[in-house]
Protein chains: 2
Amino acid sequence: MNKVKIGLMGMGTVGTGVYRLIEGHQDDLVKQTGMEIGIGRILVQNREKKRTIDIDQDLLTEDPYTVLQDPDVDVIVEVMGGVDQTREYVLAALEQGKHVVTANKDLMAVHGGELLETAAKHGCDLFYEASVAGGIPILRALVEGFSSDRITKMMGIVNGTSNYMLTKMSQEDESYESALKEAQDLGYAEANPISDVGGLDAARKMSILSTLGFHVGMNLDEVECKGMEDVTLNDIKYAQDLGYVIKLIGIAKQDDERIEVSVEPAMIKDSHPLASVNGVFNAVYVYGEAVGETMFYGPGAGELPTANAIVSDLVTVVKNMKLGVSGRGMVAPYREKKLKTDDEIFAKYFLRLVVDDQSGVLAQITKRLAAYEVSIEQVIQKPHELEHKAELIIVTHQSSKSSIHKVLKEFDGLEHIDTIKSYYRVETNE
Amino acid sequence: MNKVKIGLMGMGTVGTGVYRLIEGHQDDLVKQTGMEIGIGRILVQNREKKRTIDIDQDLLTEDPYTVLQDPDVDVIVEVMGGVDQTREYVLAALEQGKHVVTANKDLMAVHGGELLETAAKHGCDLFYEASVAGGIPILRALVEGFSSDRITKMMGIVNGTSNYMLTKMSQEDESYESALKEAQDLGYAEANPISDVGGLDAARKMSILSTLGFHVGMNLDEVECKGMEDVTLNDIKYAQDLGYVIKLIGIAKQDDERIEVSVEPAMIKDSHPLASVNGVFNAVYVYGEAVGETMFYGPGAGELPTANAIVSDLVTVVKNMKLGVSGRGMVAPYREKKLKTDDEIFAKYFLRLVVDDQSGVLAQITKRLAAYEVSIEQVIQKPHELEHKAELIIVTHQSSKSSIHKVLKEFDGLEHIDTIKSYYRVETNE
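Reading the values: rules and limits
Residues numbered from 1 in each chain as written. Chains lettered and ligands numbered in written order. Predicted model: local features only at pLDDT ≥ 70, side-chain atom pairs only at ≥ 80, totals over all residues. Heavy atoms only, no water. Helix = DSSP H or I, 4+ residues; strand = E, 2+ residues; numbered from the N terminus. Rg over C-alpha atoms; globule rule 2.2 N^0.38 Å. Buried < 20%, exposed > 50% of the residue type's maximum accessible area, 1.4 Å probe, protein only. Contact = heavy atoms within 4.5 Å. Lys, Arg positive; Asp, Glu negative; His and termini not counted. Charge placed at Lys NZ, Arg CZ, Asp CG, Glu CD. Pairing = 2+ DSSP bridges. Axes fitted to C-alpha atoms, helices over the stretch in contact; angles between N-to-C directions. Buried area = accessible area lost by both parts, 1.4 Å probe. Salt bridge = Lys/Arg side-chain N within 4 Å of Asp/Glu carboxyl O. Polar contact = N/O pair within 3.5 Å; in protein donor to acceptor, adjacent residues only side chain to side chain. Domains from an automatic or database assignment. Core = buried A, V, L, I, M, F, W, Y, C linked by side-chain atoms within 4.5 Å. Parallel < 35°, antiparallel > 145°, perpendicular 65-115°, else oblique. Left-handed = near helix turned anticlockwise from the far one by under 90°. Nonpolar A, V, L, I, M, F, W, Y, C, P; charged D, E, K, R; others polar. Phe/Tyr/Trp six-rings, centres within 6.5 Å; stacked < 30°, edge-to-face > 60°. Expected span 1.5 Å × (residues − 1). Least-squares fit on C-alpha atoms with pLDDT ≥ 70 in both. Arc of directions from axis to C-beta. UniProt positions renumbered as here; feature names shortened; annotations may be inferred.

(A) Region of the structure containing the overall build of chain A. Secondary structure summary: chain A contains 14 helices and 18 strands in total. The C-alpha atoms of chain A give a radius of gyration of 24 Å, which matches the 22 Å a tight globule of 430 residues would have. Each of the three principal axes of chain A carries a C-alpha extent, and together these read 85 × 45 × 35 Å. Burial statistics for chain A: of 430 residues in total, 60% are counted as buried. Of all intrachain contacts in chain A linking residues separated by at least 6 positions in sequence, the fraction that spans at least 24 positions is 72%. Side chains of chain A carry 44 positive and 67 negative charges; the gap between the two charge centres is 2 Å.

(B) Local environment of the sheet that holds strand S5 (residues 99-102) of chain B. All names here are of chain B. An order of S3-S2-S1-S4-S5-S6 is seen for the six strands of this open sheet, with the pairing classed as parallel. Strands with a single pairing partner mark the edges of an open sheet, and in this sheet they are strand S3 (60-61) and strand S6 (126-127). When strand S1 (residues 3-9) meets strand S4 (residues 75-78), the two strands line up parallel, connected through four bridges. Following the sheet pairing, Met9 is matched in S4 by Glu78. Contacts from helix H1 (residues 13-24) reach S1, strand S2 (36-43) and S4, with the element oriented near 155° to S2.

(C) Quick look at the sheet that holds strand S2 (residues 36-43) of chain A. All names here are of chain A. Spatial ordering of the open sheet is given by S3-S2-S1-S4-S5-S6, a layout of six strands whose pairing is parallel. Looking along the sheet, the strands with just one partner apiece sit at the ends: strand S3 (60-61) and strand S6 (126-127). As paired strands, strand S5 (residues 99-102) and S6 are joined by two bridges and run parallel to one another. Following the sheet pairing, Val100 is matched in S6 by Leu126. This element, helix H1 (residues 13-24), spans strand S1 (3-9), S2 and strand S4 (75-78) of the sheet and lies at about 155° to S2.

(D) Inspection of the interface of chain A and chain B at higher detail. The partner chain B presents 48 residues to the 47 residues of chain A that form the contact. When chain A packs against chain B, close to 4,300 Å² is buried across both sides, 54% of that on carbon and sulfur atoms. For the pair chain A and chain B, the interface holds six salt bridges. Close ionic contact of Arg150 of chain A with Asp28 of chain B constitutes a salt bridge, the shortest N to O distance being 3.5 Å. The interface formed by chain A and chain B includes 25 residue pairs in polar contact (both at pLDDT 80 or more).

(E) Highlighting the pairing of strand S15 (residues 376-383) of chain B. Looking at chain direction, S15 of chain B and strand S16 (residues 389-396) of chain B are connected through seven bridges and run antiparallel. What sits directly across from Gln378 of chain B, in S16 of chain B, is Val395 of chain B.

(F) Geometry of the domain arrangement of chain A. All names here are of chain A. Domains assigned within chain A are domain 1 (3-134 + 303-323), domain 2 (138-299) and domain 3 (346-427). Computed over C-alpha atoms, the centres of domain 2 and domain 3 are 26 Å apart. The partner domain 3 presents 17 residues to the 23 residues of domain 2 that form the contact. With both sides pooled, the region where domain 2 packs onto domain 3 buries about 1,600 Å², and carbon together with sulfur makes up 50% of that total. Looking at the side of domain 2 facing domain 3, the largest losses of area belong to Tyr238, Leu242 and Met267, adding up to 39% of the total buried there.

(G) Structural view of the nonpolar core. Core analysis: the largest hydrophobic core is formed by 152 residues, its most contacted members being Ile138 of chain A together with Ile138 and Leu209 of chain B. Beyond its immediate sequence surroundings of up to four residues, Leu209 of chain B is in contact with Val132, Ile138, Leu139, Leu142, Met154, Val158, Phe214 and Val284 of chain B.

(H) Molecular detail of the packing of helix H6 (residues 138-145) of chain A against helix H10 (residues 200-214) of chain A. Residues and elements named next belong to chain A. Here H6 crosses H10 at 15°, and the two axes come no closer than 9 Å. In terms of their interaxial angle, H6 and H10 are classed as roughly parallel. For the element pair H6 and H10, the recorded crossing hand is left-handed. Residues Ile138, Leu139, Leu142 and Val143 of H6 form the contact with H10, whose own contacting residues are Ile208, Leu209, Leu212 and Gly213. Of the residues belonging to the contact of H6 with H10, the class tally is seven nonpolar, one polar and no charged.

(I) Molecular detail of the packing of aromatic side chains. Residue and element names in this part refer to chain A. For the structure on display, the rule yields 11 aromatic pairs over all chains. With 6.0 Å between their ring centres and 65° between their planes, Phe350 and Tyr424 make a pair best called edge-to-face. Of the two residues, Phe350 sits in strand S14 (residues 346-356) while Tyr424 sits in strand S18 (residues 417-427), which places them 74 residues apart along the sequence. Taken individually, Phe350 and Tyr424 each receive the classification buried, so the pair is uniform in this respect.

(J) Highlighting H10 of chain A. An ideal rise of 1.5 Å per residue puts 21 Å on 15 residues; H10 of chain A measures up with 20 Å between its terminal C-alpha atoms. Where burial is concerned, most of H10 of chain A is hidden: 13 out of the 15 residues are buried.

(K) Structural detail: the packing of helix H5 (residues 105-121) of chain B against helix H10 (residues 200-214) of chain B. Residues and elements named next belong to chain B. Here H5 crosses H10 at 50°, and the two axes come no closer than 9 Å. As judged from the angle between their axes, H5 and H10 are oblique. Of the two possible hands of crossing, H5 and H10 adopt the one that is left-handed. Along its contact with H5, which presents Lys105, Asp106, Met108 and Ala109, the element H10 presents Asp201, Arg204, Lys205, Ser207 and Ile208.

(L) Highlighting the relation of the copies chain A and chain B. Its rotation angle being 180°, the transformation that places chain A on chain B also includes 0.0 Å of axial translation and leaves an RMSD of 0.0 Å. The superposition operator between the copies reduces to a two-fold rotation axis. The C-alpha atom lying nearest the rotation axis in chain A is that of Phe296 of chain A; the distance is 2.4 Å. In this assembly the copies share their binding face: 100% of the residues contributing to the interface of chain A also contribute to that of chain B.

(M) Expanded view of helix H11 (residues 233-241) of chain B. Of all the residues in H11 of chain B, the buried ones are Asp235, Ile236, Tyr238 and Ala239 of chain B. All buried residues of H11 of chain B project into a common sector of 165° when viewed along the axis, lining one side.

(N) Representation of unusual backbone geometry. Residue and element names in this part refer to chain A. Even without being glycine, Glu373 reaches a positive phi, approximately 60°. Examined against the element boundaries, Glu373 turns out to sit in the loop between helix H13 (361-371) and strand S15 (376-383). Phi angles above zero are rare outside glycine, and His416 is one such case at about 80°. Within the secondary structure, His416 sits in the loop between helix H14 (401-411) and S18.

(O) Expanded view of the UniProt feature "domain: ACT" (unreviewed entry) in chain A. Here the UniProt feature "domain: ACT" (unreviewed entry) sits at residues 350-425 of chain A. Here residues 350-425 of chain A runs as 29% helix and 45% strand, with 6 Å between its end C-alpha atoms.

(P) Seen up close, the pattern of salt bridges. On inspection of all chains with the given rule, the structure shows 76 salt bridges over all chains. One salt bridge in this structure joins Arg204 of chain B and Asp106 of chain B, with 3.3 Å as the shortest N-O distance. Taken together, the residues span a long stretch of sequence, with Arg204 of chain B in helix H10 and Asp106 of chain B in helix H5 at a distance of 98 residues. One network of salt bridges, with partners in common, ties together Lys153, Lys253, Asp255, Glu260, Glu264, Lys340, Arg425 and Glu427 of chain A.

What follows is the structure, given as structure tokens:
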């Protein structure tokens, strides 16, 4: 065998990019793999649709099983998206001994465990580098580059849309609504942006990263998820005054083999490597016991960045086929998963309250905080636009998440506390 | 076979780190490779020396061939340093079918081609991730993550010592001498710092990066090298005023298959991802036609970061042994190497001159620049401390390196030009 045939399932933006790269870089691919890589079949929604690139019409089909059951197709590249139906197709491909490369984070976050097991059982490769942080080869870095290390922390800016919006809000004082509209106009955000701004997209990627980084089978519903819908320009400004920036961050930590994974708008020091990751760019910060601080930065989406990740996976698939070691390189999760309770999750917190501007109020508040063992690093009191009211900004020392939640619950409706404006986790390297 | 024996050649800082990681992370290594990895022999300079860790004395030897010829040793980890003698040892190891992992950039920059060929001939793996940018898995990223892309530019801050010094000079107004002394006191710089500040250390790493990124066999003497010894606080301040920072940067570019590789103190925009890489940290910025901008950031040296890179390579060696594919994964350079001439190397340039403060001087200078087709983007004239003198700062548009050199040569000694204070390449993304 010296020719490998691809079944390309999906011919949207990313599928077009994959087609372009395979056609355009054929010489390099042959040099690197010793094999010709050709497109054998393409699944499309509509064969008659006008396309931006010239494609042999005979390759196109609207029937997935024409691709999946084509005996000449060795590798399926899945870029059609979707979860349930797509899971069926990928399982069908693997069961017929076809290798799979996918960019589908939704699929991998939900069914990754099952699909990887099926792949191993049938001696197939299943790679998904493109599913997290588009063009950044972060999965390889975790699996291979840090294979001998113990990763204790990963922080990811893994959703370009929300990062674009927060960058606009921070740097150009745009409102949430205006930043969202701009992101939609530029095609970064969907008409319904909930998956981006609500954190679900990032949660899927953090679930994949934690599975690989911590060697546990992480489930999507174990990722705590808070969106950025309530982030205000005021919060951003107060954060800046204190030397912080607000980012929608996936945080995955492991202490004493106990794990926490969340996605939330959090404050990080403006000197943190992630703080200068702006616009639609993505970055994953990885802390390993041996290696210390590292960061991987690049485009999180886009036709060619994503296609590059897919075709690089394809090169590995083809090399493995040639060496006869397909499906044998994967390491299944081997650690027992112990999730932290809210009592075991510690961070600093930023609280912003509007309170009555009268003597004794600060004492009352600090007493309540002390009662829950929340100690204070910094307090700033500012005049409020309403008469007889003051704005109170509190940054706590490391406190448990459960304590903070209890405090907030007690503050809600307490005499002299007018409003809890906002609270944020403050992620430092302490 | 279910046990792999390592011959560890060298027991300095990095050797000690490798020992610690292999002993401390044994469980993970077994889980990931299915093999036990043990240290079989250790080459030391002095068996009697007191060590910071407890080692079985029987493992220690002062004779390299006791390690190299031990039939039980499967993999040599070379962390002893040196070039000529070490080349002999590594060749001897490969010729006996032993795989090699090395952290030795000097060796790989000078003899990499020969050693990799020998490895392939004997079916051995030879990996060297630790040789460039310590803990950052950048070689894997180039070889695997971007295998389907065409890399057109790599910029590296790949020498921690010089970056530490430039950071101190930029952020704390320290002089070159004081920053150097501090780097020496902290153990970052050798008593003789020439390899760090002169750019040779960075040149070795750029030679390795260009070989892998551009698929050509790059020789060390093809890397143009200019040190940071002449960088002054004044230059740094002028750069900051213009929105630039000065970094000792390795620049490798490919246009129309023609290549240039250099190391020099250059100016980059303060918004460039590399601009915020401070202290002893390293980073490699990679631009690929498909992927666009990416950056890989982390520790460039140190016991455990470097050891982590070595042991991760070791994991790959062991996996390959188990799969029976040792020495079969490498792709030798397959492109013809065409180096750019100085006429083909284009950049913006920053020139700082002291000139006579009288009418007609600026006209005379701009006329000379025009004669060599160097056009001006920006001119700033400032008063100089000497009477009747002015300081002239010129930022050019993209100009060829040869034109700039001709201009500088003509300026040197020209009437009304008192001194050429400095000149820097200004690297933008144009």
